[in-house]
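Survey of secondary and tertiary structure
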Amino acid sequence: MSKLRFPCPSGLWQRSSGRRPPRSRRRCRPGSGNGTRRPADDPDFLDWVRRIHTGTRFTTSVCTGSLVLGAAGLLHGLTVTTHWEAAAELESYGAVYTAERVIRHDRVITSAGVTSGIDMAVRLAALLTDEITAQAIQLYTAYGPQPPFDTGSLRKAPPEVLKRARTLR
(Lines give C-alpha, C1' and ligand atoms only; values in the text may rest on other atoms or scores of the structure.)
Protein backbone atom coordinates (compact mmCIF):
# COMPACT_ATOMS: atom_id res chain seq x y z
CA MET A 1 0.00 0.00 0.00
CA SER A 2 1.35 3.46 -0.83
CA LYS A 3 1.90 5.98 1.91
CA LEU A 4 -0.83 8.55 2.37
CA ARG A 5 -0.21 12.11 3.53
CA PHE A 6 -2.92 14.22 5.02
CA PRO A 7 -2.79 17.60 6.75
CA CYS A 8 -3.63 17.64 10.41
CA PRO A 9 -4.97 20.92 11.85
CA SER A 10 -2.03 21.00 14.27
CA GLY A 11 0.14 21.79 11.25
CA LEU A 12 1.84 18.42 11.50
CA TRP A 13 1.74 16.26 8.38
CA GLN A 14 0.77 12.76 9.34
CA ARG A 15 1.92 9.78 7.27
CA SER A 16 0.22 6.46 7.27
CA SER A 17 0.86 3.27 5.37
CA GLY A 18 -2.05 1.45 6.92
CA ARG A 19 -3.27 0.74 10.39
CA ARG A 20 -0.36 2.02 12.46
CA PRO A 21 0.57 5.67 11.98
CA PRO A 22 4.04 6.71 13.18
CA ARG A 23 4.92 7.90 16.68
CA SER A 24 4.34 11.61 17.22
CA ARG A 25 4.48 14.18 20.02
CA ARG A 26 1.18 15.63 18.76
CA ARG A 27 -1.57 13.34 17.63
CA CYS A 28 -4.58 14.62 15.75
CA ARG A 29 -7.47 12.37 14.85
CA PRO A 30 -9.46 13.97 12.04
CA GLY A 31 -13.04 12.87 11.63
CA SER A 32 -14.58 11.52 8.48
CA GLY A 33 -18.09 10.33 9.17
CA ASN A 34 -18.31 6.58 8.70
CA GLY A 35 -14.54 6.37 8.13
CA THR A 36 -14.06 7.14 11.82
CA ARG A 37 -16.31 4.37 13.00
CA ARG A 38 -14.18 1.55 11.56
CA PRO A 39 -11.06 2.49 13.59
CA ALA A 40 -13.28 2.98 16.65
CA ASP A 41 -14.17 -0.73 16.38
CA ASP A 42 -10.58 -1.94 15.89
CA PRO A 43 -9.08 -3.13 19.22
CA ASP A 44 -5.49 -3.07 17.90
CA PHE A 45 -5.86 0.49 16.65
CA LEU A 46 -7.45 1.60 19.93
CA ASP A 47 -4.57 0.01 21.88
CA TRP A 48 -2.18 1.99 19.70
CA VAL A 49 -4.13 5.23 20.36
CA ARG A 50 -3.92 4.62 24.12
CA ARG A 51 -0.18 3.91 23.91
CA ILE A 52 0.64 6.93 21.74
CA HIS A 53 -1.45 9.18 24.00
CA THR A 54 0.86 8.45 26.93
CA GLY A 55 3.69 10.24 25.12
CA THR A 56 1.92 13.09 23.32
CA ARG A 57 2.07 16.69 24.39
CA PHE A 58 -1.46 17.11 22.98
CA THR A 59 -3.99 14.61 21.73
CA THR A 60 -6.62 16.31 19.60
CA SER A 61 -9.61 15.47 17.47
CA VAL A 62 -11.55 17.17 14.74
CA CYS A 63 -15.23 16.40 14.19
CA THR A 64 -16.03 12.71 14.64
CA GLY A 65 -12.37 11.90 15.28
CA SER A 66 -13.43 12.23 18.93
CA LEU A 67 -15.25 8.90 18.56
CA VAL A 68 -11.88 7.17 18.25
CA LEU A 69 -10.58 8.94 21.35
CA GLY A 70 -13.80 8.03 23.16
CA ALA A 71 -13.63 4.39 22.08
CA ALA A 72 -10.04 4.30 23.37
CA GLY A 73 -11.29 5.49 26.77
CA LEU A 74 -9.46 8.83 26.64
CA LEU A 75 -12.59 10.97 27.02
CA HIS A 76 -14.42 9.11 29.80
CA GLY A 77 -15.86 11.62 32.27
CA LEU A 78 -14.70 14.64 30.26
CA THR A 79 -16.91 17.32 28.73
CA VAL A 80 -15.94 17.29 25.06
CA THR A 81 -17.27 18.17 21.64
CA THR A 82 -17.79 16.53 18.27
CA HIS A 83 -20.02 16.92 15.23
CA TRP A 84 -23.58 17.36 16.48
CA GLU A 85 -24.82 14.21 14.72
CA ALA A 86 -22.32 12.09 16.69
CA ALA A 87 -23.17 13.49 20.15
CA ALA A 88 -25.12 10.44 21.37
CA GLU A 89 -22.47 8.02 20.11
CA LEU A 90 -19.75 10.05 21.84
CA GLU A 91 -21.70 9.98 25.10
CA SER A 92 -21.95 6.19 24.83
CA TYR A 93 -18.19 6.18 25.57
CA GLY A 94 -18.71 7.99 28.88
CA ALA A 95 -17.98 11.50 27.63
CA VAL A 96 -20.27 14.47 28.22
CA TYR A 97 -21.15 16.27 24.97
CA THR A 98 -21.23 20.05 24.70
CA ALA A 99 -22.00 22.06 21.58
CA GLU A 100 -18.97 24.32 22.13
CA ARG A 101 -16.63 24.64 19.14
CA VAL A 102 -13.37 23.77 20.94
CA ILE A 103 -12.87 22.19 24.37
CA ARG A 104 -9.56 21.67 26.15
CA HIS A 105 -8.89 19.39 29.11
CA ASP A 106 -5.19 19.58 29.91
CA ARG A 107 -3.59 17.94 26.86
CA VAL A 108 -6.80 16.63 25.26
CA ILE A 109 -8.44 19.06 22.86
CA THR A 110 -11.59 18.30 20.87
CA SER A 111 -13.25 20.38 18.17
CA ALA A 112 -16.78 20.15 16.87
CA GLY A 113 -16.46 20.12 13.10
CA VAL A 114 -14.41 21.14 10.10
CA THR A 115 -14.25 24.88 10.72
CA SER A 116 -13.90 24.51 14.48
CA GLY A 117 -10.88 22.32 13.67
CA ILE A 118 -9.30 25.44 12.21
CA ASP A 119 -10.14 27.33 15.41
CA MET A 120 -8.48 24.53 17.36
CA ALA A 121 -5.41 24.60 15.14
CA VAL A 122 -4.86 28.31 15.80
CA ARG A 123 -5.28 27.75 19.56
CA LEU A 124 -2.89 24.80 19.40
CA ALA A 125 -0.35 26.93 17.53
CA ALA A 126 -0.48 29.40 20.42
CA LEU A 127 0.04 26.60 22.95
CA LEU A 128 2.98 25.16 21.01
CA THR A 129 4.63 28.50 20.25
CA ASP A 130 3.17 31.82 21.39
CA GLU A 131 0.18 34.06 20.67
CA ILE A 132 2.06 36.27 18.19
CA THR A 133 3.03 33.24 16.10
CA ALA A 134 -0.54 31.89 16.23
CA GLN A 135 -1.87 35.27 15.14
CA ALA A 136 0.70 35.37 12.33
CA ILE A 137 -0.50 31.94 11.18
CA GLN A 138 -4.07 33.17 11.27
CA LEU A 139 -3.09 36.22 9.22
CA TYR A 140 -0.97 34.23 6.76
CA THR A 141 -3.81 31.79 6.12
CA ALA A 142 -6.30 34.69 5.89
CA TYR A 143 -8.46 32.98 8.48
CA GLY A 144 -11.16 35.51 9.32
CA PRO A 145 -14.42 33.58 9.09
CA GLN A 146 -17.37 35.50 7.75
CA PRO A 147 -19.97 32.86 6.88
CA PRO A 148 -22.70 34.04 4.52
CA PHE A 149 -25.41 32.55 6.78
CA ASP A 150 -25.72 32.35 10.55
CA THR A 151 -26.75 28.68 10.70
CA GLY A 152 -23.51 27.05 11.83
CA SER A 153 -24.93 25.50 15.00
CA LEU A 154 -28.07 23.62 16.00
CA ARG A 155 -29.31 26.46 18.16
CA LYS A 156 -29.15 28.89 15.22
CA ALA A 157 -30.42 26.69 12.39
CA PRO A 158 -34.14 26.77 11.61
CA PRO A 159 -35.96 23.41 11.37
CA GLU A 160 -35.93 23.32 7.55
CA VAL A 161 -32.14 23.80 7.48
CA LEU A 162 -31.65 21.04 10.05
CA LYS A 163 -33.92 18.74 8.03
CA ARG A 164 -31.91 19.39 4.86
CA ALA A 165 -28.55 19.02 6.69
CA ARG A 166 -29.55 15.52 7.80
CA THR A 167 -29.90 14.51 4.15
CA LEU A 168 -26.32 15.53 3.30
CA ARG A 169 -24.56 12.48 4.79
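For clarity, every value in this text was computed on a predicted model and none was experimentally measured.

Looking only at helices and strands, one finds seven helices and eight strands in the protein. A separation threshold of at least 6 residues defines the contact pool for the protein, and within that pool the share at least 24 residues apart is 48%. Of the accessible surface of the protein, which amounts to about 10200 Å², a share of 55% is contributed by carbon and sulfur atoms.

Right, let's talk about the pattern of salt bridges for a bit. Going through the model one piece at a time under the given rule, you end up with three salt bridges. Here Asp 47 ties to Arg 50 by a salt bridge, and the two come within 2.4 Å at their closest N and O atoms. With a gap of three residues between them, Asp 47 and Arg 50 both fall in helix H2 (residues 43-53), about one helical turn apart. The exposure class assigned to Asp 47 is partly exposed, which follows from its relative accessible area of 32%. Using a relative accessible area of 33% as the deciding quantity, one classes Arg 50 as partly exposed.

By the bridge criterion, four bridges tie strand E7 (residues 102-105) to strand E8 (residues 108-111) in an arrangement that is antiparallel. Residue pairing for E8: Arg 104 is matched across the bridge by Ile 109. Hairpin geometry of E7 and E8 is characterised by an intervening segment of two residues between the two adjacent antiparallel strands and by a positive phi of about 55° at Asp 106.

What follows covers the pairing of E8. Residues in a regular strand project their side chains so that they alternate between the two faces of the sheet. A two-sided burial pattern is seen for E8, the buried positions comprising Val 108 and Thr 110 on one face and Ile 109 and Ser 111 on the other. The pairing of strand E4 (residues 58-62) with E8 spans four bridges and is classified as parallel. Paired with Ser 61 across the two strands is Thr 110, which belongs to E8.

Time to look at the environment of Ala 134. You can see Ala 134 is positioned in helix H6 (residues 131-140). Ala 134 sits eleven residues away from Arg 123 along the chain, and the two C-alpha atoms are 7.1 Å apart. What Ala 134 contacts, discounting residues up to four positions off in sequence, is Val 122, Ala 125, Ala 126 and Thr 129.

Right, let's get into helix H5 (residues 114-128). Helical periodicity: at 3.6 residues per turn, an α-helix aligns residues three or four positions apart in one direction. Compared with the 21 Å implied by 1.5 Å per residue over 15 residues, the 21 Å span of H5 between its first and last C-alpha is a close match. Buried residues along H5 sit against E4, E7, E8 and H6.

So, about H2. Within H2, the full set of buried residues consists of Phe 45, Leu 46, Trp 48, Val 49, Ile 52 and His 53. All buried residues of H2 fall inside an arc of 155° around its axis, so they share one side. Between a side-chain oxygen at the N-terminus of H2 and the backbone nitrogen of Asp 44 the separation is 3.0 Å; the capping residue is Asp 42.

When pLDDT is averaged across the protein, the result is 84; 78% of the residues are at 70 or more. At the low end of the mean pLDDT range in the protein sits strand E1 (residues 4-7), at 39; at the high end sits strand E6 (residues 96-97), at 98. Note that residues 1-20 has pLDDT below 50 and, in this model, 39 contacts with residues that lie over four places away or in other chains.

What follows concerns unusual backbone geometry. With phi around 55°, Asp 106 is a residue other than glycine that occupies positive phi space. Relative to the helices and strands, Asp 106 resides in the loop between E7 and E8.

So, on to the nonpolar core. Val 49, Val 68, Leu 75 and Leu 90 are the most contacted members of the largest nonpolar core, which has 18 residues in total. Mapped onto this core, the elements with two or more residues apiece are H2 and helix H3 (66-71). Counting residues per element, this core draws most heavily on H2, which supplies five residues.

Quick notes on the rules
- Residues numbered from 1 in each chain as written.
- Predicted model: local features only at pLDDT ≥ 70, side-chain atom pairs only at ≥ 80, totals over all residues.
- Heavy atoms only, no water.
- Helix = DSSP H or I, 4+ residues; strand = E, 2+ residues; numbered from the N terminus.
- Contact = heavy atoms within 4.5 Å.
- Areas by Shrake-Rupley, 256 points an atom, 1.4 Å probe, with all protein chains shown as cover.
- Salt bridge = Lys/Arg side-chain N within 4 Å of Asp/Glu carboxyl O.
- Buried < 20%, exposed > 50% of the residue type's maximum accessible area, 1.4 Å probe, protein only.
- Pairing = 2+ DSSP bridges.
- Expected span 1.5 Å × (residues − 1).
- Arc of directions from axis to C-beta.
- Polar contact = N/O pair within 3.5 Å; in protein donor to acceptor, adjacent residues only side chain to side chain.
- pLDDT = per-residue confidence, 0-100.
- Core = buried A, V, L, I, M, F, W, Y, C linked by side-chain atoms within 4.5 Å.

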